[in-house]
Amino acid sequence: MLVVMQHDASAADVEDVCRTIVEMGYEARPLPGAQRTAVGLVGNDGRVDASRIEGMAGVAQVIHVTQPYKQVSREWRPENTLVEIAPGVVFGGRDVPVIAGPCSVESEEQILDAAHAVKAAGATALRGGAFKPRSSPYSFQGMGRRGLELLDLARRKTGLAIITEALDVEGASLVAEYADCIQIGARNMQNYSLLRAVGRLRKPVMIKRGPSATITELLLSAEYVLAEGNDQVILCERGLRSFDPLTRNLFDLTAIPVVHRLSHLPIVADPSHGTGLRDKVAPMASAAVAAGADGLMIEVHPRPDRALSDGAQSLYPAQFDELMKQLHAVALAVGRQITPVGAGNVAVSIG
Ligand code: PEP
Ligand code: MN
């Protein structure tokens, strides 16, 4: 339930509403907004009797949130949430940041080559897994802490923001020490203890949609993070398991406008996992920007033929460079712009 206050409601009116909500046995979350102040009620599992609140001083309207998720809904917050993972790298506004890099961090040379290449092409964030969720226990599992240190080195050399995956609760705080944004992988979308843990870390989080998850389930997963007090959440569409073996996944472009209607959180598209095929990445990346994606995540490897994971869907640096040129044009055509490099990047060390 959401209690919308009148424009001229006093601070005491807002406090009275909060106190009453607590007396009723729920939690009150004051939500000062650009156009209105509202007080959210959380802790209910069903419709709340609003009669005590409706007549209170300063109350304009009581809205019953109809979805099973609350704090992620547009009813709860009509304006887009902006998630700034590093100075100038903002998701949810007019600008569209591009995150690029290899599937996994494999060596110092590999991650630095990748970072320099994607930066030169216009990316503003670097991806790369140090802890990898692999279908087989015998596949490369990532470099662990050393991988995080190499990402940090790449950030210092290029100024790119860093996004990397946390696999479990124990590893989440370690990842948070290095990452500008913590990635929750598709397989972990419904790992609720991990979602709660990253909700408490006060770092931006990107949640990838599970390969068989509905959009409602994705939004409920985000609700876990917001329920812990962290609203810095980016959603990511990365393709669904389908009946058709011609692509690795079925990239659900529709999720982008559907999420925009239902939620104030930004949604990023990952056409690399979404298609699994190098030559399908560019058309789907352009389509995602045209459909309103708030960012892109694209796998780029300096030598994809030698990649330890996801080489078949990783772009060669020259292909990524070409794609970025296309993306600038597509973004302009829909009233957006690809986030420019250097918009406020972190300090760059030379050497
Ligand atoms: C990845 O980003 O490399 C990854 C493992 O993605 P997903 O969780 O979407 O499979
Ligand atoms: Mn990958």
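In this text the structure is predicted, and so the values were computed from the model without any measurement.

Tallied over the entire structure, the rule returns 20 salt bridges. Between Glu 228 and Arg 196 there is a salt bridge, with the nearest N and O atoms lying 3.4 Å from each other. One end of the pair, Glu 228, is in the loop between helix H7 (215-227) and strand S13 (233-237); the other, Arg 196, is in helix H6 (residues 192-200), with 32 residues separating them in the sequence. Its salt-bridge partner being Asp 252, residue Arg 209 comes within 2.8 Å of it at the nearest N-O pair. In this pair, Arg 209 is assigned in the loop between strand S12 (205-208) and H7 and Asp 252 in the loop between S13 and helix H8 (255-262), connecting sequence segments 43 residues apart.

Bringing the coordination of the manganese ion (ligand 2) into the picture now. Donor atoms from the polypeptide that bind the manganese ion (ligand 2) are Cys 103 (SG), His 273 (NE2), Glu 299 (OE) and Asp 310 (OD), placed at 2.1 to 2.3 Å. Look at where the donors of the manganese ion (ligand 2) fall in the sequence and you get C-x169-H-x25-E-x10-D. Highlighted residues: His 273 in helix H9 (residues 271-275) and Glu 299 in strand S15 (residues 296-299), separated in sequence by 26 residues. In terms of burial, His 273 and Glu 299 fall into one category: buried.

Let us look at the sheet that holds strand S3 (residues 37-42). Strand order across the open sheet formed by four strands is S2-S3-S1-S4, with antiparallel pairing between neighbours. Strands at the two margins of the open sheet, each flanked by one partner only, are strand S2 (27-32) and strand S4 (59-63). Averaged over neighbouring strand pairs, the angle between their axes works out to 20° when direction is ignored. Here three bridges tie strand S1 (residues 2-5) to S3, and the two strands are oriented antiparallel to one another. By the bridge assignment, Leu 2 is partnered in S3 with Gly 40. Its contacts with the sheet place helix H1 (residues 11-23) against S1, S2, S3 and S4, and it is angled at close to 5° to S3.

Next up on the list: the site of ligand 1. Around ligand 1, a shell composed of 13 residues is seen, among which Arg 127, Gln 183, Ala 186, Lys 208 and Arg 238 lie nearest. Lys 132 is positioned with one of its side-chain polar atoms (N or O) 3.0 Å from an oxygen atom of ligand 1. Separating an oxygen atom of ligand 1 from a side-chain N or O atom of Arg 187 is a distance of 3.2 Å. Burial of ligand 1 by the protein chains amounts to 97% of its free accessible area of 300 Å².

The rules behind these values
Residues numbered from 1 in each chain as written. Chains lettered and ligands numbered in written order. Predicted model: local features only at pLDDT ≥ 70, side-chain atom pairs only at ≥ 80, totals over all residues. Heavy atoms only, no water. Salt bridge = Lys/Arg side-chain N within 4 Å of Asp/Glu carboxyl O. Helix = DSSP H or I, 4+ residues; strand = E, 2+ residues; numbered from the N terminus. Donors = N, O, S within 2.8 Å, 3.2 Å for Na, K, Ca; no water. Buried < 20%, exposed > 50% of the residue type's maximum accessible area, 1.4 Å probe, protein only. Pairing = 2+ DSSP bridges. Axes fitted to C-alpha atoms, helices over the stretch in contact; angles between N-to-C directions. Contact = heavy atoms within 4.5 Å. Near = heavy atom within 4 Å. Polar contact = N/O pair within 3.5 Å; in protein donor to acceptor, adjacent residues only side chain to side chain. Areas by Shrake-Rupley, 256 points an atom, 1.4 Å probe, with all protein chains shown as cover.

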